[in-house]
Amino acid sequence: MPKDFIVAIELGSSKMTGIAGRKNLDGSIQVLACVKEDSSTFIRKGAVYNIDKTALCLTSIINKLEKQLKTTITQVYVGVGGQSIRSIRNVIAKDLPGETVVTQDMVVELMDANRSVIYPDQEIIDAAVEEYKVDSQYQLEPVGIQCSRIEGNFLNILQRKAFYKNLNKCFESAGINIAELYLAPLALADSVLTEAEKRSGCALVDLGADTTTVSVYSKNILRHLAVIPLGSNNITKDIATLNMEESDAEHMKLKYATAYTENNDIDNTMKYSIDSERQVETRKFIEIVEGRLEEIIANVWCQIPDEYCDKLLGGIILTGGGSNMSGIEKAFQNYTHVDKVRIAKFVTQTITSTINEINAHDGKMNTVLGLLAKGDINCAGKDYDPTGDLFGSPKTPAETAEQRRARTAVETPAGVIRTAEEKRQAEEEARLKREEEERAAREEAEQKAREEDERRRENSLLHKAWKGIKDFGKKMVAEEE
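Quick caveat: nothing in here was measured; it's all calculated off a predicted structure.

Thresholds applied
Residues numbered from 1 in each chain as written. Predicted model: local features only at pLDDT ≥ 70, side-chain atom pairs only at ≥ 80, totals over all residues. Heavy atoms only, no water. Pairing = 2+ DSSP bridges. Helix = DSSP H or I, 4+ residues; strand = E, 2+ residues; numbered from the N terminus. Contact = heavy atoms within 4.5 Å. Axes fitted to C-alpha atoms, helices over the stretch in contact; angles between N-to-C directions. 1 Å grid on protein atoms, 1.4 Å probe; cavity = no way out; pocket = protein on both sides within 12 Å on 5 of 7 lines; lining within 4 Å. Points joined across faces, edges and corners; volume = space filled by probe spheres on them. Nonpolar A, V, L, I, M, F, W, Y, C, P; charged D, E, K, R; others polar. Buried < 20%, exposed > 50% of the residue type's maximum accessible area, 1.4 Å probe, protein only. Phe/Tyr/Trp six-rings, centres within 6.5 Å; stacked < 30°, edge-to-face > 60°. Lys NZ or Arg CZ within 6 Å of the ring centre and 35° of its normal. Salt bridge = Lys/Arg side-chain N within 4 Å of Asp/Glu carboxyl O.

(A) Region of interest: the sheet that holds strand E20 (residues 351-352). Within the open sheet, the 7 strands sit side by side as E20-E3-E2-E1-E7-E12-E22. Their pairing is mixed. Because the sheet does not close on itself, it has two edges, and the strands there are E20 and strand E22 (416-417). As paired elements, strand E3 (residues 29-38) and E20 share 2 bridges and run parallel to each other. Bridge pairing in E20 places Ile29 opposite Ile351. Taken strand by strand, helix H3 (residues 161-174) contacts strand E1 (6-11), strand E7 (76-80), strand E12 (178-183) and E22, and its axis lies near 150° from that of E12.

Written out as structure tokens, the structure is:
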């Protein structure tokens, strides 16, 4: 088994998925191993609710991957999503004296000011720069332009602080190092959308089990991100109201459910079988499925900002497990009146694998494959010992194959979320830098004070000497008279 590979983990509401792959020189990715575990009892709507169970599941996934790879794993890439994530626009403006030339330091100052904005119970996990307004003109690169006022237009991605802390605690409890936290919707978008779609304007809709994520792009820039707490599991629960277990409802959904059926095509005498003894009316079943799906589509459409609703030249792109439902494209076209709707069954990268889940091309693996594609640090460690280390301790950051220095918020690439450890390191570096600057400022002030005292003493001596000369001159003149 190769000793260089990347590991990515997606924490989904129904399944937690771990995947390992190797990047080839031609840019393709070879998937080496894949493990899935049920996560429905401790992850709800994409957010961690039970830290201990999540940590145990993470440990199980890592152990199974290591066994398949015959190599230990030193760190992993993790996708962050869930219902607590949302975007909000923010503008930071600064008036400049006269015709000032914009410098990189001024741009960084705007970014820092935006990052320092406080939102109750939430924190900024990513800040996308939409554009800068230089006087009355919009620019992507304002450095070097003369102006008297500059505005930074930002799209801040927020997450509830509690969920962010829970996520980091899970990995700390499991003793798993995080190579990088990445916004899962952005990793997904980069892997399933074309440049033309992002540029001309599009809406990416990830139809998951418990949540539906909407990402709106225009001019290659993320304009809006929202997570709706509705998914395909809601359809299953609605079907279960027809006096059946959820397991039976899920089976019927997969077998019979369609997103859109013409009224004339519904046979009122036909019934769907629940089991050998029970049946349900076809029309009632269709109405329940389409009713819930229409609610999901309505919520998706409400999340697209008004200024982009009629500018989605790239159309609507559907992905995720929910996009496999028959007639889903027609349902979206009918409700949104957007004719251009396509289903992204697989990522745009070249993927090779012998694993059935990967080769199914059903949209379910797109997010974790997108995370895998983002990885650039080797996650492979030493040879795997099947007997285990009974007296070993959890891996520490020092054991990882490669380490990045702690990045500031401004230095962090778009879509990347700093881990708790990286934040601590950055805060420590900032504290040390601040103390050094304060010490240098004190020394400079003390030096200036000493110089000022010296000048005063010199001036005082010169003044006394000059006064003495003048007094002596006056005395000599008086004596001659």
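(B) The layout of surface pockets, seen in detail. Roughly 1,200 Å³ of internal volume is contained in the largest pocket. For the largest pocket, the lining is made up of 46 residues, of which Ser14, Leu207, Gly208, Ala209 and Gly321 are closest to its centre. Broken down by element, the residue count for the lining of the largest pocket peaks at 4 residues, all from helix H7 (residues 246-256). The class makeup of the residues in the lining of the largest pocket is 13 nonpolar, 22 polar and 11 charged.

(C) Main features of the side chain of Arg292. Among the structural elements, Arg292 can be located in helix H8 (residues 282-303). Note on Arg292: relative accessible area 18%, which makes it buried. Beyond its immediate stretch of four places on either side in the chain, Arg292 contacts Leu230, Asn234, Ile235 and Asp238.

(D) Fine view of the environment of Leu207. Within the fold, Leu207 resides in strand E13 (residues 202-207). C-alpha of Leu207 to C-alpha of Leu318: the two residues are 111 residues apart in sequence and 7.2 Å apart in space. Aside from chain neighbours lying at most four places away, what touches Leu207 is Thr212, Ile296, Thr319, Gly320, Gly321, Gly322, Ser323, Ile328 and Phe332.

(E) Structural view of the packing of aromatic side chains. Tallying each qualifying case throughout the model produces 5 aromatic pairs. We note Arg44 situated over the ring of Tyr49; from NZ or CZ to the ring centre the distance is 4.0 Å. Lying over the aromatic face of Phe163, Arg160 brings its terminal NZ or CZ to 4.7 Å of the ring centre.

(F) Local environment of the pattern of salt bridges. For the coordinates displayed, the defined rule picks out 23 salt bridges. Of the charged contacts in the structure, one is a salt bridge between Glu250 and Lys253, with a shortest N-O distance of 3.1 Å. Here Lys253 and Glu250 lie together in helix H7, a separation of 3 residues that amounts to about one turn. What makes Glu250 partly exposed here is its relative accessible area of 27%. Across the salt bridge formed by Arg292 and Glu295, the nearest N and O atoms sit 2.6 Å from each other. Of this pair, Arg292 and Glu295 both sit in helix H8, 3 residues apart, which is roughly one turn of that helix. Through salt bridges with shared partners, a single network forms among Arg89, Glu130 and Glu307.

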